[in-house]
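Structural overview
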Amino acid sequence: MEWLNTLVQGVLLGGLYAMFAVGLSLMFGIMRLVNIAHGDFIVLASYLALVVVEVLGLSPLASLVLVVPLMFVVGYCLQRQLLNRTLGNDILPPLLVTFGLSIILQNLLLEFFSADSQKLSQGDLEVASVAVGGLSLGVMPLLVFGCALAVIGGLQLLFYKTRLGRAFRATSDDQSTAQLMGIDNRHIFGLAMALAMAVVSIAGVFLAVRTSFDPSVGPARLLYGFEAVIIGGLGSLWGTLAGGVILGVAQAIGARIDPGWQILAGHLVFLLILVFRPRGLFPRSVD
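Residues numbered from 1 in each chain as written. Predicted model: local features only at pLDDT ≥ 70, side-chain atom pairs only at ≥ 80, totals over all residues. Heavy atoms only, no water.

**Comments concerning the nonpolar core**
Counting residues in hydrophobic clusters, the biggest one holds 75 residues, and the most contacted among them are F41 and F168. A per-element tally of this core places helix α9 (residues 185-210) first, with 17 residues. What F168 contacts, discounting residues up to four positions off in sequence, is I30, L158, F159, I188, L191, A192 and L195. (Core = buried A, V, L, I, M, F, W, Y, C linked by side-chain atoms within 4.5 Å. Buried < 20%, exposed > 50% of the residue type's maximum accessible area, 1.4 Å probe, protein only. Helix = DSSP H or I, 4+ residues; strand = E, 2+ residues; numbered from the N terminus. Contact = heavy atoms within 4.5 Å.)

**Thoughts on the packing of aromatic side chains**
Aromatic ring pairs: the centre-centre distance and the angle between the two ring planes describe each pair. Within the structure shown, the criterion is met by five aromatic pairs. Their ring planes at 40 degrees and their centres at 4.9 Å tell us that Y17 and Y224 sit as a pair that is tilted. With Y17 in helix α1 (residues 2-31) and Y224 in helix α10 (residues 218-232), this pair connects stretches of sequence that are 207 residues apart. Note on Y17: relative accessible area 6%, which makes it buried. Classification of Y224 by relative accessible area gives buried; the value is 9%. Centroid distance Y47 to F213: 4.9 Å. Interplanar angle 80 degrees. Geometry classified as edge-to-face. Taken as a pair, Y47 in helix α2 (residues 38-56) and F213 in the loop between α9 and α10 lie far apart in primary sequence, 166 residues in all. Here the guanidinium or amino end of R32 rests over the ring plane of F28, the centre of that ring lying 5.7 Å away. (Phe/Tyr/Trp six-rings, centres within 6.5 Å; stacked < 30°, edge-to-face > 60°. Lys NZ or Arg CZ within 6 Å of the ring centre and 35° of its normal.)

**Focus: the environment of P283**
Turning to its location among the elements, P283 is positioned in the segment after α12 (262-276). Owing to a relative accessible area of 29%, P283 belongs among the partly exposed residues under this scheme. Through-space distance from the C-alpha of P283 to that of I231 is 9.1 Å; in sequence the pair is 52 residues apart. Sequence-distant contacts of P283, defined by excluding residues within four places in its chain, comprise G232, G233 and R277.

Interpretation note: all reported values are geometric properties and have no functional meaning in isolation.
Now the structure itself:
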């Protein structure tokens, strides 16, 4: 029963990692863009939620009503005004620009919020649990995992059942042909980044509720996101969820064996999958 509980907790942790990774998968699938600042935008969303909670007195989950639209606008403006200028056949310019954004964000957050760790409290919901058989499952981890399922399912519907989704897939397939058909690639890329940032904002609030955060924790979140994306397969949204779950289960088992093995176990599983399945377990793009 203890090992079963370890596996279940690892699966639920994987939901959070999938939330970290969905934005990366979305950006790569549509724009072939690797955003080095992704983890720092997760932390930015955590601090935005902190400001909303302290100024307006809302709960962390209620702060999503403001944080999600704000990050959506930030993502659209960032893509239209900066990142679109870096896209092309060479992958180096966007890597360098997003690396610079990462440094800037970390230093801005350090300047305005200091290096002190912060954490958002969701009250009784954080410690609430439900009994399932002989297991006791936390309500908050279940909520995070359910949100990951809803977000990924919603994005899948968007891509395959809507006109915007067809534009996303057409642009991903062939940008030149999509432009000839009247699609504004710059606008489509802006919307893709905006959607990614909206998901990032949800992940940032869940991060702030689950654990403490400070301006320097972004790169670690980026690493977990990258590992989940690569394990699942680049551009595959459901694969990203599977990658997050595999990473979470590996860390849970590692922690069960020895607390010092928690992070290492996840990295080892990532390395093994990268060696034997370089394209990931479910290599499929959003197109």
